[in-house]
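In case you want the letters, here they are:
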Amino acid sequence: MTPLLEVRGLTIRFGGLVAVCEVDLALNPSEVLCIIGPNGAGKSTLFNMISGIYRPSAGTVHLDGRDITGWPAHRIAAAGIARTFQSSRLFNDLTLIDNVVIGMHSRTKSGVLDALLRPGKARAELEAAAEKAGELIRAISPDLHARRNTLAGALPQADRRRLEIARALASDARVIMLDEPSSGMDDRDTDALMADVRRVMAERPGLSFLIIEHDMRLVAALPDRVAVIDYGRKIAEGDFADVRLMPRVQEAYLGQKAAEHA
Amino acid sequence: MADTAQATSALVRRNGPSADLAIVAGVELGSAILLWSFLLSDRTAVIVALLALMGGIFAALQLRPALEERIVAAFHDRKRFATLLGAVIVLIYPFFLQGSGYAFHLLIVSMLYAVLALALNFQLGSANIPNFATGASYGIGAYTSALLALNFGVSFWLTLPVAAVVATAFGFLLGFPSMRTKESYLALVTIAFGIVVHQLLNNFDWTGGPNGLVGIPAPELFGHSFARPIEAFGFRLPSQANFYYLSAALVGLSIVCAKRLHESRVGLAWNALRADPLAARCQGIDVVWFKMLAFGVDAFLAAFAGTIYAFYVSYISPDNFTFLVSVTIMTMVIVGGMDNTLGVIIGAFFLTMLPEKLRIFSDYRLLFVGVVVILFLILRPQGLFPQRARNYGEHR
Ligand SMILES: Nc1ncnc2c1ncn2[C@@H]1O[C@H](COP(=O)(O)OP(=O)(O)O)[C@@H](O)[C@H]1O
Ligand SMILES: [Mg+2]
């Protein structure tokens, strides 16, 4: 089986700082891979390279066997990689529905001429998108659905994360990357988040998740595999049960002293 | 405050249909009468009183968001009636102007500025692109059509689309740097573009240099020259009425364009890049393309306004299209309300007429204009009519 998303030797330097160094990752269809590691390890930077916000200094990214290294972010999104951001980036002055409809940008077509000369067709496309967006929001949370015509900027933190996930789902992506989705959520919210991921995966065969996460409860329960990043390098990969026992991982997390005591 | 107003908009109590009709008719006729008294009075006391009345209305809207929601809901539910009544008012308005050429002139210029402000609104309001060159696109449109008419005898009706295409091409050209430059640099590029266009118009021979172009012929429609008065129903409207109706038609066209684009995938993409360009890119939006598109649409509409202006005054010079014109258009968008079609039009009318009506203050005129604008912005910090949320699922 060829991996859905394959990252090889991915490296980026900011001046003298090597933020990510020769990271290899492979994500199979219908798989959840969690990326863990201390703050500043380079996890978000890795996402930024995969999604085309940063151009890697070296290495390649393949989606479904196609080399997408260095593509502009909008083409990578259209190719099927959606993402959320560590500090959620919603379109604050737009409604929840608008936010999710914008997530469907690359699945809809109307341009300026359609909008001006064939308004019925353009409008129908948008209405259909809005209806689908409403359903996506409802599936994530009935509370959010009740607020679908209010502005995204007024949402509390946990709802912002949910809406961002709904927006990512709207694109019909094949890979969804979540950057610390459970931050700002309590245990109940986190459980709902895990249930959402499982539900969506059951509904959409082949869809895979790449999740940066700090909540060890989630990391223990949700992913098929875990990759550990420390100082920009991948230091371990495998089952969470195995990975957590590796001395290098414990050092990375607890510091060397604590690891020796443990 | 605005957030909660929008949040409750769906819950606003809706009265019976006759109440809606009364609200729509009252607001439209009231506005028409207000504008009429403002246009035709030149007594200081009356003008100050009218400004105070407007201030009071906006203060009431600000303090009672439910009032505004109620009016918006009535217009929304009675869209067809509102449009029809509005069209009738625009149609018969000239008959009430007592043949005052000055009132006609103010209305025509206001409407042309309304088109320019709507054009800029696609950029500044929808997409938050600061374009200081709308005045230049206006000028390119005016000069293109004037040159075509003077040198090649091309008819006004043909110069309209040609000038629009030429200006749009320049608009895209101006949008090119948005590929590389960051927001603030882009603003500088547009300022430079405006100044370069002005300087070129000033220095070329074939544009008439600083003297501009003179003797642009009046348009004709079915044998009726726009230089001649309109005679209808025993009434005689001055020749400016021709351009009044022409400008009104252009405003109507601009409103339709604005609405259609706003309620489309393109409008959403512009809004997305206004709110967060990086997140917009990650939704698959080609930010550079959509920015250039906004420059193109802006120039397209501005050129229409330029063509009508050139044929209306029959004489244009580079000084009609300075950097200051662009800044004025920008002020109209900001004061009227970013990304709100009605607001932008009101902003254009307000800022065109205000300086004219405050002539009594002679040398201190602009100072008073500034004071009045600031007072209104204190009353309505988001602009006279702030941006509103889209509605879905309510179209037939
Ligand atoms: N644009 C940038 N310029 C310079 N340094 C950066 C940039 N982006 C990230 N870094 C650095 O890269 C390192 C990894 O950051 P990040 O990927 O955000 O870590 P995390 O694993 O917590 O998500 C940090 O030292 C950060 O300062
Ligand atoms: Mg991070």
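The structure this text deals with has already been given above.
Since the structure is predicted, the reported quantities are computational estimates derived from the model, not experimental observations.

Thresholds, definitions, all that
- Residues numbered from 1 in each chain as written.
- Chains lettered and ligands numbered in written order.
- Predicted model: local features only at pLDDT ≥ 70, side-chain atom pairs only at ≥ 80, totals over all residues.
- Heavy atoms only, no water.
- Near = heavy atom within 4 Å.
- Polar contact = N/O pair within 3.5 Å; in protein donor to acceptor, adjacent residues only side chain to side chain.
- Areas by Shrake-Rupley, 256 points an atom, 1.4 Å probe, with all protein chains shown as cover.
- Helix = DSSP H or I, 4+ residues; strand = E, 2+ residues; numbered from the N terminus.
- Nonpolar A, V, L, I, M, F, W, Y, C, P; charged D, E, K, R; others polar.
- Axes fitted to C-alpha atoms, helices over the stretch in contact; angles between N-to-C directions.
- Parallel < 35°, antiparallel > 145°, perpendicular 65-115°, else oblique.
- Left-handed = near helix turned anticlockwise from the far one by under 90°.
- Contact = heavy atoms within 4.5 Å.
- Expected span 1.5 Å × (residues − 1).
- Buried < 20%, exposed > 50% of the residue type's maximum accessible area, 1.4 Å probe, protein only.
- Arc of directions from axis to C-beta.
- Phe/Tyr/Trp six-rings, centres within 6.5 Å; stacked < 30°, edge-to-face > 60°.
- Salt bridge = Lys/Arg side-chain N within 4 Å of Asp/Glu carboxyl O.
- Pairing = 2+ DSSP bridges.
- Donors = N, O, S within 2.8 Å, 3.2 Å for Na, K, Ca; no water.

Draft legend 1. Seen up close, the site of ligand 1. Residues and elements named next belong to chain A. Around ligand 1 sit 13 residues, and of these G40, G42, K43, S44 and T45 come closest. Taking T45, its side chain carries an N or O atom lying 2.5 Å from an oxygen atom of ligand 1. The side chain of Y54 places a nitrogen or oxygen atom 3.0 Å from a nitrogen atom of ligand 1. In isolation ligand 1 offers 560 Å² of accessible surface; the protein chains occlude 63% of this area. A per-element tally of the shell around ligand 1 places helix 1 (residues 43-50) first, with three residues. In terms of residue class, the shell around ligand 1 is made up of six nonpolar, six polar and one charged.

Draft legend 2. A look at the packing of helix 15 (residues 341-357) of chain B against helix 16 (residues 365-379) of chain B. All names here are of chain B. Two elements in contact, helix 15 and helix 16, have axes separated by 9 Å at closest approach and are oriented at 140°. Relative to helix 16, the element helix 15 lies oblique. The element helix 15 and its partner helix 16 pack so that their crossing is right-handed. Residues F350, L351, L354, P355 and E356 of helix 15 lie in contact with helix 16, whose contacting residues are R365, V369, V372, V373 and F376. Of the residues that constitute the contact of helix 15 with helix 16, the class distribution is eight nonpolar, no polar and two charged.

Draft legend 3. Focus on helix 3 (residues 44-63) of chain B. Residues and elements named next belong to chain B. Compared with the 28 Å implied by 1.5 Å per residue over 20 residues, the 28 Å span of helix 3 between its first and last C-alpha is a close match. Looking at helix 3, one finds that the buried residues are I47, L50, L51, M54, G55, F58 and L61. On an axial view of helix 3, the arc spanned by its buried residues comes to 140°, and they lie on one face. Set apart from the buried face of helix 3 by more than 90 degrees, the exposed residues are A45, A52 and L63. Those residues of helix 3 that are buried lie in contact with helix 2 (17-40), helix 4 (65-77), helix 15 and helix 16.

Draft legend 4. Spotlight on the packing of aromatic side chains. All names here are of chain B. Applying the stated criterion across every chain yields a total of 19 aromatic pairs over all chains. Here F156 and W157 contribute two aromatic rings whose centre-to-centre distance is 4.8 Å and whose plane-to-plane angle is 80°, an arrangement assigned as edge-to-face. With relative accessibility at 3%, the residue F156 sits in the buried group. Where F300 meets F304, the ring centres are 5.2 Å apart and the plane angle is 75°; that geometry is what we call edge-to-face. Of the two residues, F300 and F304 are both situated in helix 13 (residues 287-313); the distance of four residues between them amounts to about one turn of the helix.

Draft legend 5. Fine view of the pattern of salt bridges. Residues and elements named next belong to chain B. Under the definition given, this model contains 25 salt bridges over all chains. R70 serves as the salt-bridge partner of D20, at 3.1 Å between the closest nitrogen and oxygen. Separated by 50 residues along the polypeptide, D20 in helix 2 and R70 in helix 4 bring together distant segments of the chain. Accessibility assignment for this pair places D20 and R70 in one class, buried. The salt bridge involving R380 is made with E68; its shortest N-O contact spans 3.2 Å.

Draft legend 6. Here's a closer look at the sheet that holds strand 1 (residues 5-14) of chain A. Reading across from one edge, 2-1-4-5 (chain A) is the order of the four strands in this open sheet, with antiparallel pairing throughout. Strands with a single pairing partner mark the edges of an open sheet, and in this sheet they are strand 2 (17-27) and strand 5 (66-67) of chain A.

Draft legend 7. Representation of the coordination of the magnesium ion (ligand 2) in the model. Residues and elements named next belong to chain A. Only S44 (OG) and Q86 (OE1) from the protein reach the magnesium ion (ligand 2) as donors, at distances of 2.0 to 2.1 Å. Taken together, the positions of S44 in helix 1 and Q86 in the loop between strand 6 (81-83) and helix 3 (96-103) put the pair 42 residues apart, joining distant regions of the chain. According to the relative accessible area criterion, Q86 is partly exposed, its value standing at 35%.

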